[in-house]
Structure formats: C-alpha cells, structure tokens
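Spelled out from the first residue to the last, the chains are:
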Amino acid sequence: MTNTKRSVTGTAPLLGTRALNRATLDRQLLLRRARLSVAAAVEHLVGLQAQNVKPPYYALAARLDGFTPEALSRLMADREAVRIVTMRSTIHTHTADDCLTLRPLVQPARDRELVTFRKGLAGVDLERLAAIARDLVETEPRTMTQLREALLREWPDADPQALAVAARCRLPLVQVTPRGLWGRSGQVRLTTAEHWLGRPARPAPAPDAVVLRYLAAFGPASVRDMQAWAGMTRLRDAFERLRPQLVTFRDEAGVELFDLPDAPRPDPETPAPPRFLPEFDNLLLSHADRTRVVPPEHRGRSWQGNLAHRTLLVDGFLAGLWRLEEDALVIEPFDRLARARRDEVTAEGERMLRVMHPGSSYDIRFGVVRG
C-alpha cells in the first residue's frame, strides 16, 4: 500500500482548521441552503450515507431550501434513486446513474472484503454463488434471510453469514421500495440494480473523474481523506495525474491538500448557522482527519459503541447531540451556549421540525450539558 500521508514544504499556502471547515461546509451545502433539486443535490454530494432509513431525509433538510421529505421519497419510488452498498461498504442513497457507475468503481474493495470470510466460504464457487443469487433476486426480490437459506441449500457446510455477505459483495444489490420511503415501512428486500433500474451497469468511471467529484463535495482534501471516504486504497496515482489541473495547500500538520482551482474557499470568519444533522452524516465520515468539523476535545462523542447519534453543528463544528422524543426535540450541547447561540439553535430546530414534521407539536428542550 502506498504511503499517502505526505508532508509538504512551507511554499504551499496554509489552510487553517477554520478555513477548511468553511470550505467543506460550503461544498456540503451547509453554509447556506441551496436551491437545488433533490436529484441534483444527491448527485453533487456523491450520495448520502443511509445506514438507516431516515438520515438521508434529515441530511437534505439541513442542506436544501424548500426541501420536503416527499421529494426524496418520490425519487426513490420512481426508481430514480436507490439504496445500495457502495462507499466504505455502507449503504448509501445514490441517484440511479451513480448507482450504476460507483458500484463498479468500488467492486474491487467489495471483493477484498470477502477475504475476511474465506474460512466460512471454503469450497464455495463464488462465480456460481453469484449466478444463483442473481437468478433468485431477479426472479423475486428476497430478504437476506431468504437468500441465505437458499444458498445454504447449495453449500450446507458453509457459514450462512459468509454466504449472505458473499452475495452482497459480488452483486450490486439494491433495497427495493417501500423500504426507504418516507412514512412507509417494509422489510429489506433485495434485487440487482440492473433489474430494478431496467438497464445495465456502466463501466466503472476512471478514478480521476471521481477524485474531481470528491473534491467538489468534500475538498480541499488529502489523498488519505478520499481513501477514507471511498474505502479504497492506492489513489495517489490518480491525484498525481490530476496535479497539473489542481491547486495544492497544506494543513496545520503540513499534510498536502488538493483542490479544484475554482472551488469556493470562503473567508474563515464567514458565519456558519447551526445545523441539525442525522446520524451517519457524510460530513463527519469522509475525511481521514476529521478535525475540520470535529474539535479534538469532542472526538468520539457522536458515537457509543456501534450506535451513531444525531449531531448538532454550531459555528460549523460538532457541538452537541439531539434526539426526538414523543413530544420534544431534546438538544444536548457539549458546552454551554451563549444566549444568542442558543436562540439560533432554537430557531433552526423549529425550522427543522416544520420541514420534517409539519403539523406535529414538539417542545424544544435543552438537555443536560454533556461533560
């Protein structure tokens, strides 16, 4: 594996933490809400982390002017957006076009993932497994349990979980609706992207093209940052090929950062309004060095074991957690908020509730400050 943490000389312009924060927030549509369609926003953001059903909806509510949950739900019902495992082997909501290209891009990483399960797959012909699984899910969408049981009949001595993981890794399996629709429920049932969308997968894009899209949505960034976002390795060559058309900076640790020449890099003192983000928001997951959004003193506070909390940004940085109870929006800041900041957070909370839960009545309460 290539060592991608490269320190640079003092000749490259320095971007401090606040400058990186404001640039990233701008690319993430979090400095001001964008007047974009849902499809355009999902495409610009190169997908939305979607381990749970609701996070993509809250993610867009924080980013888009005029967003309604029904807009994303309609896109999914019309098969113009899908839920599929892509970056970091996690479920993302992608546009149909991105689903058909980004999944082939990360396929080598999904193949490597199976190395972990090789013991449970001893004697299993993975090509045959993929063919059988494809026939099963394209005949009728299947739950993972149904798929596992069917594959176990073919390989009774294999590890059942390993068989299911192998099917997920070898095939581009999408979750069919009503799963993922706002206000609806349903088991996770799977079929192939090609079958659900009615068209074949496209060739994987060149890594260079995805580097440019990543920088547009998450830059300025290092090679290691993009590799953390994509769950891929060996991307240094793509950055080097692109170097002549990119600009470079250094962060406060001296790490080289790449960026698009014309991408926005706002003044570090640009105001950043409070934002309520969902659990698993890509803003907090898409850099190897997360200090541009997560202050060192708050590192790890948005997680508890495998559970991710919904997060609050204040002045552009992680500043607390929030949750919806039966009758209240409960906000738990990590530090005490000045009255003006508290009022801003309250106003943003009221706006989020109007967008996501119109007609419902919630109190807004500030919980115990987490020490």
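Note: the structure precedes this text.
Residues numbered from 1 in each chain as written. Predicted model: local features only at pLDDT ≥ 70, side-chain atom pairs only at ≥ 80, totals over all residues. Heavy atoms only, no water.

Asker: I'd like a rundown of the side chain of Asn21, residues and numbers included.
Answerer: When you line up the elements, Asn21 lands in helix 1 (residues 17-27). We classify Asn21 as buried; its relative accessible area is 0%. Reaching out from Asn21, the side chain makes a polar contact with the backbone oxygen of Arg292 at a distance of 2.8 Å. Excluding residues within four positions of it along the chain, Asn21 makes contact with Arg292, Val293, Asp315, Gly316 and Phe317. (Helix = DSSP H or I, 4+ residues; strand = E, 2+ residues; numbered from the N terminus. Buried < 20%, exposed > 50% of the residue type's maximum accessible area, 1.4 Å probe, protein only. Polar contact = N/O pair within 3.5 Å; in protein donor to acceptor, adjacent residues only side chain to side chain. Contact = heavy atoms within 4.5 Å.)

Asker: Tell me what's going on with the environment of Arg323, and back it up with residues and numbers.
Answerer: When you line up the elements, Arg323 lands in strand 13 (residues 317-324). Among the residues examined, Arg323 registers a relative accessible area of 34% and is labelled partly exposed. Considered as a pair, Arg323 and Met144 are 179 residues apart in the sequence and their alpha carbons are 30 Å apart. Residues contacting Arg323, with those up to four places away along its chain left out, are Ala328, Leu329, Val330 and Glu332.

Asker: Lay out the sheet that holds strand 9 (residues 275-277) with the relevant residues and their values.
Answerer: If you trace the five strands from one edge of the open sheet to the other, you get 9-12-13-14-15, paired in mixed fashion. Each having just a single partner strand, strand 9 and strand 15 (363-366) make up the two edges of the open sheet. Taking each pair of neighbouring strands and ignoring which way they run, the sheet shows an average axis angle of 30 degrees. Of the pairings in the sheet, the one linking strand 9 to strand 12 (residues 310-314) comprises three bridges and is antiparallel in character. Each bridged residue has a counterpart across the sheet, and for Leu277 the counterpart in strand 12 is Thr311. Sitting on the sheet, helix 13 (residues 339-356) touches strand 9, strand 12, strand 13, strand 14 (328-333) and strand 15, and the angle it makes with strand 15 is about 145 degrees. (Pairing = 2+ DSSP bridges. Axes fitted to C-alpha atoms, helices over the stretch in contact; angles between N-to-C directions.)

Asker: Could you give me a rundown of unusual backbone geometry, with the residues and numbers involved?
Answerer: In this structure, the amide linkage connecting Thr177 to the following residue, Pro178, adopts the cis form with an omega of 20 degrees. When you line up the elements, Pro178 lands in the loop between strand 5 (173-175) and strand 6 (189-192). In this structure, the amide linkage connecting Gly219 to the following residue, Pro220, adopts the cis form with an omega of -5 degrees. The residue Pro220 is located in the loop between helix 10 (207-218) and helix 11 (223-230) in this model. For Arg79, which is not glycine, the phi torsion reads 60 degrees and is therefore positive. Take Arg79: it is sitting in the loop between helix 4 (69-77) and strand 2 (81-85). Residues other than glycine seldom take positive phi values, yet Arg234 does so here, at roughly 60 degrees. By the secondary structure assignment, Arg234 is in the loop between helix 11 and helix 12 (236-242).

Asker: Please provide a residue-by-residue account of the state of the cysteines, values included.
Answerer: If you walk through the whole model with that rule in mind, you get zero disulfides. As a non-bridged cysteine, Cys99 has Cys169 as the owner of its nearest cysteine sulfur, 15 Å distant. On the basis of relative accessibility, which here comes to 0%, the residue Cys169 falls in the buried class. (Disulfide = S-S within 2.5 Å.)

Asker: Any details on the sheet that holds strand 6? Residues and values, ideally.
Answerer: Reading across the sheet, the six strands line up as 1-3-2-5-6-4 and stay open at both edges, with antiparallel pairing between neighbours. With partners counted over all chains shown, the strands left at the sheet margins are strand 1 (48-49) and strand 4 (142-143), one partner each. Pairing of strand 2 with strand 3 (residues 91-95), which is carried by five bridges, proceeds in the antiparallel orientation. Note that in strand 3 the partner of Arg83 across the bridge is Thr93.

Asker: Hey, could you go over helix 10 for me, with residue numbers and the actual values?
Answerer: Across its 12 residues, helix 10 extends 16 Å between first and last C-alpha, which sits within 8% of the 16 Å expected from 1.5 Å per residue. Among all positions in helix 10, only Asp208, Val210, Val211, Tyr214, Leu215, Ala217 and Phe218 are buried. Check the buried side of helix 10 and you find it contacts helix 1, helix 2 (38-44), helix 5 (96-113), helix 11, helix 12 and strand 8 (256-259). (Expected span 1.5 Å × (residues − 1).)

Asker: Give a description of the environment of Leu197 that names residues and reports values.
Answerer: Structurally, the position occupied by Leu197 is in helix 9 (residues 193-197). Judged by relative accessible area, Leu197 falls into the buried class, the value being 13%. Expressed as a C-alpha distance, the spacing of Leu197 and Ala81, which sit 116 residues apart in the sequence, is 9.4 Å. Beyond its immediate chain neighbours, meaning those up to four positions away, Leu197 contacts Arg79, Val82, Ala96, Cys99 and Leu100.

Asker: Break down the environment of Leu75 for me, with residues and values.
Answerer: Take Leu75: it is sitting in helix 4. Along the chain, Leu75 and Phe280 lie 205 residues apart, while their C-alpha atoms are 21 Å from each other. When neighbours within four sequence positions are excluded, Leu75 is seen to be in contact with Val38, Ala39, Glu80 and Ala81.

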